[in-house]
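# Architecture at a glance
Listed here are the chains, written in short residue letters.
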Amino acid sequence: STQSNMGVVHEANMTTTQILTGSHNPSEEVFPGLKISQIDSFVITCLEEDVGSGDHTSNATISPATKAEAKFLAKDNGVLAGCLVADRVFHLVDQTITVQWLKHDGDHVTKGEHFGIVNGPARALLKAERLALNIMQRMSGIASLTALMVDACKPHATKVLDTRKTAPGMRLLDKWAVLLGGGVNHRLRLDDMILIKDNHVTAAGGITAAVRNVQSYMAEHHLSIPVEVETRTLEEVQELVSLSAGVDRVMLDNMVKVRENGEIDTSMLSQALAIINRKYATEASGNVTLATTAAIAATGVDYISCGSLTHSVKALDISLKIHTVPEHQ
């Protein structure tokens, strides 16, 4: 992985053979801070939540000898994410299950496309089905919206950032999905960077006081992490620019307005960028949607952060259709 101006850029590097056989190295990181062993622990917890003492319906209706094949079907266009996690779900439910991915994490899929085939005991496939789909639908939904926003930024250099507004317990999967969609991760945790927001500014007695407090704190604790400051007005931007040091990035919050007639007003954001004049990296937040992304990117801002990427996920519609396989196969 590489670090790029406070945003982690990382691509999963699992090979097709590993995914097909389930032969992952438990200590291998597939995303910064996320190892196969952690994915397995997460999956086991989710299976306990979903299955309980057993799938009584499948156990009552299906012979343990019945074999089945299932095909993943994309029911909408989007970007695929969560294949590796789904692979672990099937592997942990029954190690005899085999998965053949025709498309992989980060690939585009089109409506009506089959992108994966699963074979194994019918009972096991049905036990794993719901969890595999839940994870893939959520992650693919995040990756798909991210990809649309990244495309909307072109031809500008503006990058799309996520936030900490993720599902509890699923942050690394949510943020991994953002990367698979072509976005960039903001901080993963509170200890990754210092982000002075409006409540910190109010409690500290102003932006200047807050930044000075941070400088003292970092010196005292021998910290070397990025510092970002949220601003809400042009006056706050001017105050921040007057400081000699101590800031890496400025967040320009709610400086984009959407008029009743649908017009996107980026004039305040443009004024703020002119005041900053490239002294700091810049990040626009607030009123960020797919519809406003292109106009915001056109201002030349470095980053656009969007909480709805992960807090208001529209799942990508994916199905897994199962049919039994004759015993002689």
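In what follows, the structure referred to is the one given above.
Within any chain, residue numbers begin from 1 and follow the written order of that chain's sequence. Only residues with pLDDT of at least 70 are given local features in this predicted model, and only at 80 or more are side-chain atom pairs given and counted; all residues enter the totals for whole chains, interfaces and linings. To obtain the side-chain values, all non-hydrogen atoms of the structure were included, while hydrogens and water were left out.

## What about the nonpolar core?
What tends to happen in soluble globular proteins is that the nonpolar side chains get buried as a cluster. Our working definition: By nonpolar core is meant a set of buried Ala, Val, Leu, Ile, Met, Phe, Trp, Tyr and Cys residues that side-chain atoms within 4.5 Å join together. The rule is simple: take the accessible area with a 1.4 Å probe, protein chains only, and divide by the maximum for that residue type; under 20% is buried, over 50% is exposed, in between is partly exposed. Should any heavy atoms of two residues lie within 4.5 Å, those residues are considered in contact.
Ranked by internal contacts, the top residues of the largest apolar core, which has 56 residues, are Ile39, Phe72, Phe90, Phe115, Val118, Met136 and Trp176. Excluding residues within four positions of it along the chain, Met136 makes contact with Phe72, Leu80, Ala81, Gly82, Cys83, Ala86, Trp101, Phe115 and Ile318. Counting 38 residues, the second-largest nonpolar core is a separate cluster that includes Cys153, Val160, Leu240 and Val247.

## A few points about the sheet that holds strand 5 (residues 67-74)
This is how it is decided: Two strands pair under a simple rule: DSSP has to find at least two bridges between them. Here a helix means four or more residues in a row that DSSP labels H or I, a strand means two or more in a row labelled E, and each is numbered from the N terminus. Lines fitted to C-alpha atoms define the axes here, with helix axes fitted over just the stretch in contact, and angles between the N-to-C directions of these axes take values from 0 to 180 degrees.
Strand order in the open sheet made by the four strands is 7-9-5-18, with antiparallel pairing throughout. Among the strands making up the open sheet, the edge pair consists of strand 7 (98-101) and strand 18 (318-325). Put simply, the sheet's adjacent strands are angled 15 degrees from each other on average, direction ignored. Direction of pairing for strand 7 relative to strand 9 (residues 114-121): antiparallel, over a ladder of four bridges. Residue Gln100 lies in a different strand from strand 9, and its bridge partner there is Ile117. Across the sheet, helix 4 (residues 83-93) is in contact with strand 5, strand 7, strand 9 and strand 18; its angle to strand 7 comes to roughly 165 degrees.

## Topic: the sheet that holds strand 13 (residues 249-253)
By way of backbone hydrogen bonds, the strands of a sheet pair with one another, either parallel or antiparallel. Read across the open sheet, the six strands follow the order 10-17-16-13-12-11; overall the sheet is parallel. Bordering the open sheet on either side are strand 10 (159-161) and strand 11 (194-196), each of which pairs with just one other strand. In this sheet, adjacent strand axes meet at a mean angle of 25 degrees when their direction is disregarded. Sheet topology places strand 11 next to strand 12 (residues 227-231); three bridges connect them, and they run parallel. When the bridges of strand 12 are listed, Leu195 appears paired with Glu228. Packing against the sheet, helix 10 (residues 267-276) makes contact with strand 13 and strand 16 (281-285), and its axis sits at approximately 160 degrees to strand 13.

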